[in-house]
Amino acid sequence: MKRIVRAPAKLNLGLDAPFVHPDGAIEWRMVMTSIGLSDHLQIETTDRHSKIRIFSDSSFLPNDRRNLAYQAAHLFLSKVGIQTGLEISIKKNIPVAAGLGGGSSDAAAVLRTLNEMFQTGLSLKELANIGIQVDSDVPYCVYSRTALVSGRGEIVTPLKKLPKMWFVLAKPNVSVSTPRILKQVATTSVSHPQIDELLSGIESGNYDQIVANIGNSLEEITTASHPQIETLKSRLIEYGADGSQMSGSGPTVFGICRTESRAHRVYNSISGFCNEAYITQPECDTNKVF
């Protein structure tokens, strides 16, 4: 059996870290959406061997047990009691260590696809419960639609689709260590975005209310080490975006535009300043096969 599937990147429209648990785990309250920028995965069973093998066109991606797609496949096969050889080839389009959840989305795509291939009938919630063992972003990526994410990442509440909008992404030429950023949350006074107002804007489909209430508690921490993030945010606004912020732990920032024509003008301007720039829309179709 073989499947070729998409693994969409995610953006954090809102990211709040209300408190840190005694064990160091962070309590999250996030509004996330998936976008058109995606990795492509080929997942194939084989009887030539009984291992899980990972292949990738990115030299930055581990191809062993450190790979999140590997971990997801191992956990899934163990849970359902299936023994088979598996070959997973990943074509990376989502930048690595960029705050866009590429590794988590790859893992989620593996979980969804294996569930379909083997007709094991696990619900999205059951797949998410497997995914939380891999990474806190995997449960959201299993659903891969606009949602409120809470708890330690395991509680995913789907929301209405976003009103029509475009995103312009810009990644500075730096990589961010998410664990290093998260360790600072317990000892740093962070801002708390208006998640309830953001949710209200999504519920009513109010573009202006959504843009006015985006925010990211981790932004100040990451920007302190990488000031170019703030520079990119300012340039996105200067070039015409209605709002801008960092996604996840960074360093990628995004601008929001109401129209495609405005987004292309912003993209053309920022791409002359930033080598890694993308233009995309909210995207929920994870089942498209190439």
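The shown structure was predicted, so the numbers you read here are calculated from the model rather than taken from an experiment. (Residues numbered from 1 in each chain as written. Predicted model: local features only at pLDDT ≥ 70, side-chain atom pairs only at ≥ 80, totals over all residues. Heavy atoms only, no water.)

This paragraph deals with the UniProt feature "domain: GHMP kinase C-terminal" (unreviewed entry) in the protein chain. UniProt's feature table lists "domain: GHMP kinase C-terminal" (unreviewed entry) at residues 200-273, given in the numbering used throughout. Along residues 200-273 the backbone is 55% helical and 15% strand, and the end-to-end C-alpha distance reaches 35 Å. (UniProt positions renumbered as here; feature names shortened; annotations may be inferred. Helix = DSSP H or I, 4+ residues; strand = E, 2+ residues; numbered from the N terminus.)

All right, on to the UniProt feature "domain: GHMP kinase N-terminal" (unreviewed entry) in the protein chain then. Here, the residues flagged by UniProt with the feature "domain: GHMP kinase N-terminal" (unreviewed entry) are residues 67-144. Within residues 67-144, the helical portion is 55% and the strand portion 9%, while the C-alpha atoms at the span's ends are 20 Å from each other.

Strand order in the open sheet made by the four strands is E9-E10-E7-E11, with antiparallel pairing throughout. Every other strand in the sheet has two partners, leaving strand E9 (243-246) and strand E11 (276-280) as the edge strands with one partner each. In this sheet, neighbouring strand axes are inclined to one another by 20° on average, regardless of whether the strands run parallel or antiparallel. In terms of strand pairing, E9 meets strand E10 (residues 253-257) through four bridges, oriented antiparallel. (Pairing = 2+ DSSP bridges. Axes fitted to C-alpha atoms, helices over the stretch in contact; angles between N-to-C directions.)

Splitting the protein chain by domain gives domain 1 (2-158) and domain 2 (166-280). Placing a centre on the C-alpha atoms of domain 1 and another on those of domain 2 gives a separation of 23 Å. Across the interface of domain 1 and domain 2, roughly 2200 Å² is buried in total on both sides, 69% from carbon and sulfur atoms. On the domain 1 side of the contact with domain 2, Leu13, Leu15 and Arg29 bury the most area, a combined 25% of that side's loss. Counting across the domain 1 and domain 2 interface gives one salt bridge. In this structure, aspartate 196 and arginine 29 form a salt bridge, with 2.8 Å as the shortest nitrogen-oxygen distance. Taken together, domain 1 and domain 2 are joined by 15 residue pairs in polar contact (both at pLDDT 80 or more). (Domains from an automatic or database assignment. Buried area = accessible area lost by both parts, 1.4 Å probe. Salt bridge = Lys/Arg side-chain N within 4 Å of Asp/Glu carboxyl O. Polar contact = N/O pair within 3.5 Å; in protein donor to acceptor, adjacent residues only side chain to side chain.)

Two elements, strand E3 (residues 52-56) and strand E4 (residues 85-91), share five bridges in a ladder whose sense is parallel. If you follow isoleucine 54 over to E4, its bridge partner there is isoleucine 88. Crossover connection from E3 via helix H1 (residues 68-80) to parallel E4: handedness left-handed. (Right-handed = clockwise from strand over helix to strand, strands pointing away.)

The next thing to look at is H1. Along its 13 residues, H1 runs 18 Å from first to last C-alpha, staying within 8% of the 18 Å computed at 1.5 Å per residue. Burial in H1 covers these residues: Ala69, Tyr70, Ala72, Ala73, Phe76 and Leu77. Relative to the axis of H1, the buried residues are bounded by an arc of 165° and lie together on one face. Considering only its buried residues, H1 is in contact with E3, E4, helix H2 (102-117) and helix H3 (124-131). (Expected span 1.5 Å × (residues − 1). Buried < 20%, exposed > 50% of the residue type's maximum accessible area, 1.4 Å probe, protein only. Arc of directions from axis to C-beta. Contact = heavy atoms within 4.5 Å.)

Within the secondary structure, methionine 165 is located in the loop between strand E6 (155-158) and strand E7 (166-171). Between the C-alpha atom of methionine 165 and that of threonine 259, which follows or precedes it by 94 residues, the distance is 6.3 Å. If sequence neighbours within four positions are ignored, methionine 165 has contacts with Tyr207, Ile210, Ile256, Cys257, Arg258, Gln281 and Pro282.

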